[in-house]
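Structural overview
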Amino acid sequence: MTLSSSSRCCAAILLAVSMSCVANAQSKLPADLDRQSRARLPYLKKSNLDEKVQKSLQPFVTKDDALGGPLAFAAYNSAVAQALLDLHNGAVLGGTLDPRTRELAILVACRETNYNLEWNAHEILGLKAGLDANLIDTVRYKRPLAGFNEKDATVIRFGRQIFHDKKVDSATFAKVVEFWDKRGAMDMVAVMSTYAVSGYFAIAVDEHSPEGKAALPVGK
């Protein structure tokens, strides 16, 4: 499977974020964390991967032949990593959301799962897509939505209800369909889901932020 130029750019940013910690990885980490991955499991080598997925995961392979990025731990089962990449490509490359809406949806999913790796990458991409820094901070700190335009507030409210409330109310769902139609509503769920799944892997292995990168607030 080949990635689009925008996806390759995203993969490069994610890889840079995930590997920027290596030089200082020895400091201030819990004893059960690997010093390179900053998580409870080490990065796999490319040679450890099933041959069928080596090509598709190549954009996430580092110079020392390790698999970093958002699929690093899902890749302990190569088929799962491939399935998640397919989900990502279907939701992002095959989806109907405009880049600005998509980046906001991704940030909401990352915040709701406290997924620092993808947050750090997509905060940059979100600003490039036209998201206001104040809007991003509202997602980061889970601030009230008063004062923002209705479309942005709807994306954030939709994600908060999915992940936090575990129930989407009728009014919110109706607004999502009004703004993005039925296909767009389901595309938004797919986009949020693919980033949340990687976030759950990060939670399980206690993946820490790169040295010098602020972590998202936990438990808020």
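Residues numbered from 1 in each chain as written. Predicted model: local features only at pLDDT ≥ 70, side-chain atom pairs only at ≥ 80, totals over all residues. Heavy atoms only, no water.

**Concerning the overall build of the protein chain**
To keep things clear, this is the line we draw: The numbering of helices and of strands both runs from the N terminus, where a helix is a DSSP run of H or I of at least 4 residues and a strand a run of E of at least 2. We call a residue buried when its accessible area falls under 20% of the maximum for its residue type, exposed when it is over 50%, and partly exposed in between, using a 1.4 Å probe and counting protein chains only. Residue contacts follow a heavy-atom distance rule, with two residues in contact if any of their heavy atoms lie within 4.5 Å. Where accessible areas are quoted, they stem from the Shrake-Rupley method and a 1.4 Å probe; at the residue level, only the protein chains shown are allowed to cover.
For the protein chain, the count of helices and strands is eight helices and zero strands. For the protein chain, the succession of helices and strands along the chain, N to C, is α-α-α-α-α-α-α-α. Taking all 220 residues of the protein chain together, the buried fraction comes to 49%. Partitioning the contacts of the protein chain with sequence separation of at least 6, the portion at a separation of at least 24 is 67%. A total accessible area of about 10,400 Å² is found for the protein chain, and carbon and sulfur atoms account for 56% of it.

**A word on helix α5 (residues 116-128)**
Definition in use: In a helix, the anticipated span is given by 1.5 Å times the number of residues less one. Given a residue, its bend is the angle between the two axes fitted to the seven residues that end at it and to the seven that start from it.
The terminal C-alpha atoms of α5 lie 19 Å apart, and with 13 residues this matches the ideal 18 Å at 1.5 Å per residue to within 8%. Its axis deflected by about 25 degrees at His122, α5 carries its strongest bend there. Looking only at α5, the buried set comprises Asn116, Leu117, Glu118, Trp119, Asn120, Ala121, His122, Leu125 and Gly126.

**Observations concerning the side chain of Asn89**
Quick note on the threshold: N or O atoms closer than or at 3.5 Å make up a polar contact, with two conditions inside protein: a donor-capable atom paired with an acceptor-capable one, and, for residues adjacent in sequence, both atoms drawn from side chains.
With respect to the secondary-structure elements, Asn89 resides in helix α3 (residues 78-93). Using a relative accessible area of 8% as the deciding quantity, one classes Asn89 as buried. Among the polar contacts made by the side chain of Asn89, one reaches the side chain of His88 at a distance of 3.1 Å.

**What to know about the packing of aromatic side chains**
Any pair of aromatic rings gets described here by the distance separating the centres and the angle formed by the planes. Operational definition: Ring pairs shown here join Phe, Tyr and Trp side chains whose ring centres sit within 6.5 Å, with only the six-membered ring taken for Trp; geometry is labelled stacked below 30 degrees between planes, edge-to-face above 60, and tilted in between.
Summed over all chains, the structure comprises two aromatic pairs. Seen in terms of ring centroids, Tyr43 and Phe73 are 6.1 Å apart; in terms of plane orientation they differ by 25 degrees. Their pairing is stacked. Here Phe73 lies in the loop between α2 (51-54) and α3 and Tyr43 lies in the loop between α1 (5-19) and α2, a separation of 30 residues in the sequence. For the pair shown, Tyr43 and Phe73 are each scored as buried. Consider the rings of Phe179 and Trp180, whose centres lie 5.5 Å apart with planes at 70 degrees: the pair is edge-to-face. Given a relative accessible area of 24%, Phe179 falls into the partly exposed group.

**Some words on helix α8 (residues 170-204)**
Here α8 contains 35 residues, and its C-alpha end-to-end distance of 33 Å is more than 12% below the 51 Å for a straight helix at 1.5 Å per residue. Sitting at the amino-terminal end of α8 is Asp169, which places a side-chain oxygen 3.3 Å from the backbone nitrogen of Ala171.

**Quick word on the nonpolar core**
Condition: Nonpolar cores were defined as sets of buried Ala, Val, Leu, Ile, Met, Phe, Trp, Tyr and Cys residues, with membership established by side-chain atoms within 4.5 Å.
Membership of the largest hydrophobic core comes to 33 residues, with the highest contact counts inside it found for Leu104, Trp119, Val155, Ile156, Met188 and Met192. In this structure Ile156 touches Leu104, Val108, Leu135, Val139 and Leu145, once residues within four positions along its chain are discounted. If you look at the next biggest cluster of nonpolar residues, it comprises 13 residues, including Phe60, Val61, Leu67 and Leu84.

**As for unusual backbone geometry**
Phi at Asp65 takes a positive value of approximately 70 degrees, unusual for a residue other than glycine. Within the element layout of this structure, Asp65 appears in the loop between α2 and α3. What makes Asp65 partly exposed here is its relative accessible area of 30%. Residue Lys142 is not a glycine yet carries a positive backbone phi of 50 degrees. Here Lys142 lies in the loop between α6 (133-140) and α7 (150-165). Residue Lys142 is classed as partly exposed on the basis of its relative accessible area of 26%.

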